[in-house]
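# Architecture and fold: a report
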Amino acid sequence: DAIKEVQNAGIQVVMVTGDRKETAVAIAKEAGLIKNSSDVALTSAELNEKSDEELKKIIPDLRVVARALPTDKSRLVRCAQELDYVVGMTGDGVNDSPALKKADVGFAMGSGTEVAKEAGDITILDDNFSSIEKAILYGRTMFKGIRKFLIFQLTVNVAAVLTCFLGPLFGEPTMLTVIQLLLVNLAMDTLAAIAFGSEPALKEYMKDRPIPRNESIVSKSMLIQVIISGLYITALCLCIRFVPMFREIFGNVDDTYLRSALFATFMMAITFNGFNARTSNINVFEHMGRNKNFLRVMITLLVIQFVFVTFGGEFLSVEALNLKTWLICIVLAFMVVPIDIVRKLVTNKK
């Protein structure tokens, strides 16, 4: 079952063994490694008859190497890496150490030699292949968590930079004060890292294709999401400050009150964008119950924002807002969620 799960994740599994070819092929068929006539099983002698270029052509269909020598393992790792594969190697003996060291990820068995454990990157304590499946799942979860945090944080930075850059061009020298920006970054950096670092490991991640070695950690779709959300938050802040129709929504208020509403809207829009960042699916609230830290962080951020605006006073250049203004700010800020849902619907169709 673990082998099937790993294969469905787009990972090629190859058995490299010292057993006879007939024994190895029989076990490989039982384990689900050999399924088709195109699947290749070789002995060490047959492997060594082939040049590196010939071997590289076979590697995508290679499933079994029997009567294998230590040098065969290192050669397989090297040739696969030259094909730009990310290679994981498992082993327990001294003769596995060179290949464990050369592989991108070396999985040493817990019952193996100390030399193998030292050469490997990860030790599988229960000697079970299903533990490698779990390592892949949690590795993908962590990578996705990093990407989610980057989407969230880059959106904060894009919106803040554009707002503070464009404001003076329209005649407002200080859209957001230095202290306001500092507090936003301190709160968002620390708490958002906790929120996205607690995302659950979902089985659906094992259905994703492996990410190519040369792919940037910031993908094209991530950049599009950051730009659209950042532009909306920026446009929202500029409209509150400069568009009469938006200003009239808040009533006949002075500039300090309007800046306070702008600051509150900016922070809440960034917070709500966290729901967009945590999933690429349409339903931004899916699996929310499995990450209670995320909910706690979002609630904490909203409470902090209320405290900042209500009690910040001269220190934050703000004044307390009334209930009507808070409701307006919440509605305007929450619109970042449906806007990103529309983006997902459009990009998913493509």
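Definitions and limits used
- Residues numbered from 1 in each chain as written.
- Predicted model: local features only at pLDDT ≥ 70, side-chain atom pairs only at ≥ 80, totals over all residues.
- Heavy atoms only, no water.
- Helix = DSSP H or I, 4+ residues; strand = E, 2+ residues; numbered from the N terminus.
- Rg over C-alpha atoms; globule rule 2.2 N^0.38 Å.
- Buried < 20%, exposed > 50% of the residue type's maximum accessible area, 1.4 Å probe, protein only.
- Contact = heavy atoms within 4.5 Å.
- Areas by Shrake-Rupley, 256 points an atom, 1.4 Å probe, with all protein chains shown as cover.
- Lys, Arg positive; Asp, Glu negative; His and termini not counted.
- Charge placed at Lys NZ, Arg CZ, Asp CG, Glu CD.
- Phe/Tyr/Trp six-rings, centres within 6.5 Å; stacked < 30°, edge-to-face > 60°.
- Polar contact = N/O pair within 3.5 Å; in protein donor to acceptor, adjacent residues only side chain to side chain.
- Salt bridge = Lys/Arg side-chain N within 4 Å of Asp/Glu carboxyl O.
- Pairing = 2+ DSSP bridges.
- Axes fitted to C-alpha atoms, helices over the stretch in contact; angles between N-to-C directions.

Counting its secondary structure elements, the protein contains 16 helices and six strands. For 350 residues, the compact-globule estimate of 2.2 N^0.38 gives 20 Å, and the C-alpha radius of gyration of the protein, at 27 Å, exceeds that figure by more than 25%. Projected onto its principal axes, the C-alpha coordinates of the protein cover approximately 85 × 40 × 30 Å. Across the 350 residues that make up the protein, the buried fraction comes to 45%. Sequence-distant contacts, at least 24 apart, represent 67% of the contacts inside the protein between residues at least 6 apart. Just so you have it, the protein exposes about 17,800 Å², and 62% of that area is on carbon and sulfur atoms. Between the centroid of the 38 positive side chains of the protein and the centroid of its 37 negative side chains there is a distance of 4 Å.

Right, let's get into the packing of aromatic side chains. For the coordinates displayed, the defined rule picks out seven aromatic pairs. Note on F152 and F196: the rings are 5.7 Å apart at their centroids and 55° apart in plane angle, and the pair reads as tilted. With a gap of 44 residues between them, F152 in helix α8 (residues 129–169) and F196 in helix α9 (residues 178–197) connect regions that are remote in the sequence. Classification of F152 as buried rests on a relative accessible area of 1%. Among the residues examined, F196 registers a relative accessible area of 3% and is labelled buried. Judged by centre distance (5.3 Å) and plane angle (80°), the ring pair of F275 and F294 falls under edge-to-face. Taken together, the positions of F275 in helix α12 (residues 255–277) and F294 in helix α13 (residues 292–311) put the pair 19 residues apart, joining distant regions of the chain. For the pair formed by F275 and F294, the shared burial category is buried.

Within the fold, S131 resides in helix α8. In this structure S131 comes out as buried when scored by relative accessible area, which is 17%. Spatially, the C-alpha atoms of S131 and G120 are 15 Å apart, while their sequence positions differ by 11 residues. Not counting the four nearest positions on each side in its chain, S131 is found in contact with I124 and D126. Here the side chain of S131 touches D126 through a polar contact of 2.8 Å, side chain to side chain.

Turning our attention to the pattern of salt bridges. Overall, the coordinates contain 23 salt bridges when judged by the stated rule. Note that D255 and R247 form a salt bridge whose closest N and O atoms lie 3.5 Å from each other. Judged by its relative accessible area of 34%, D255 falls in the partly exposed class. Residue classification places R247 among the partly exposed positions, given a relative accessible area of 31%. Notably, a salt bridge pairs D340 with R343, separated by 2.7 Å at the nearest N-O pair. Here R343 and D340 lie together in helix α16 (residues 336–349), a separation of three residues that amounts to about one turn.

Okay, the sheet that holds strand β4 (residues 88–91) next. The strand order across the open sheet formed by three strands is β4-β5-β6, and the pairing between neighbours is parallel. Unpaired on one side and paired on the other, β4 and β6 (122–124) mark the two borders of the sheet. Mean inter-strand twist for the sheet, computed between neighbouring axes without regard to direction, equals 25°. Pairing analysis gives four bridges linking β4 to strand β5 (residues 105–109), with the strands arranged parallel. Across the sheet, the residue bridging to G91 is A108, located in β5.

For the rest of this paragraph, the subject is the side chain of S44. If you trace the backbone, S44 turns up in helix α3 (residues 44–48). In contact with S44, other than residues within four places in its own chain, are A66, R67, A68, L69 and D72.

Relative to the helices and strands, G10 resides in the loop between α1 (2–8) and β1 (15–16). Residue class for G10 comes out partly exposed when judged on its relative accessible area of 32%. Sequence spacing of G10 and R209 is 199 residues, and the spatial spacing of their C-alpha atoms is 5.5 Å.

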